[in-house]
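One-letter residues, chain by chain:
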Amino acid sequence: MTSLKSKLHDDLMDAIRARDELRSATLRLTLTAITKEEVSGTTARELSDDEVRKVIAREAKKRREAAEAFEQGGRTAQAERERAEGVLLDTYLPKQLSDDELREVVAQAVGEAKAGGAEGPRAMGAVMKIVNPKVAGLAEGGRVAALVKQLLAQ
């Protein structure tokens, strides 16, 4: 079984051979971010597939935020490229939860927190502690937090 990092590397080689500039540039930047993560800290180490996924998710989020900034600045060509890079990176991540699936998980966690005595806006931390392990890598934090706030306000 090949690791996610070696799959990225193989895909990069294929993209270079195919002269696919967008794919090769995106994968090159992502592999650089992974390597940077591996050598940060006191000792260099090989990242696990889960850690590699976290780096890819962080890179994909950066692309979405950059696309938004370019869009607001009226630079649509750069915004499109950033979006395309984000979509490409998303193919290496697990499928994100749909709004309905996420709502179900969050509603269940809100119920658990309320059963544990947590009420109102102060219950946010308690609910997030229950939800985060269940949706790690399957939903962006901002989406989760917004839904938790919405369900706690009801």
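The structure presented is a predicted model; accordingly, all values stated were derived computationally and were not measured. (Residues numbered from 1 in each chain as written. Predicted model: local features only at pLDDT ≥ 70, side-chain atom pairs only at ≥ 80, totals over all residues. Heavy atoms only, no water.)

Observations concerning the packing of helix α5 (residues 99–115) against helix α7 (residues 141–153)
Packed helices, taken two at a time, are described by their axes: the angle between them and the distance between them. Closest axis-to-axis distance for the α5/α7 pair is 10 Å, and the angle between their directions is 55°. It follows from the interaxial angle that α5 and α7 lie oblique. For the crossing formed where α5 meets α7, the hand is right-handed. Across the interface between the two elements, Asp 99, Leu 102, Arg 103, Val 106, Ala 107 and Val 110 from α5 touch Arg 143, Val 144, Leu 147, Val 148, Gln 150, Leu 151 and Leu 152 from α7. For the contact of α5 with α7, a count of residues per class yields nine nonpolar, one polar and three charged. (Axes fitted to C-alpha atoms, helices over the stretch in contact; angles between N-to-C directions. Helix = DSSP H or I, 4+ residues; strand = E, 2+ residues; numbered from the N terminus. Parallel < 35°, antiparallel > 145°, perpendicular 65-115°, else oblique. Left-handed = near helix turned anticlockwise from the far one by under 90°. Contact = heavy atoms within 4.5 Å. Nonpolar A, V, L, I, M, F, W, Y, C, P; charged D, E, K, R; others polar.)

Focus: the nonpolar core
If you look at the biggest cluster of nonpolar residues, it comprises 20 residues, and the most contacted ones within it are Leu 102, Val 106, Val 127, Val 131, Val 135, Val 144 and Val 148. If near-sequence neighbours (up to four positions away) are discounted, Leu 102 is found in contact with Leu 97, Val 135, Ala 139, Arg 143, Val 144 and Leu 147. Leu 8, Ala 33, Ile 56 and Leu 89 belong to the second-largest nonpolar core, a separate cluster that totals 16 residues. (Core = buried A, V, L, I, M, F, W, Y, C linked by side-chain atoms within 4.5 Å. Buried < 20%, exposed > 50% of the residue type's maximum accessible area, 1.4 Å probe, protein only.)

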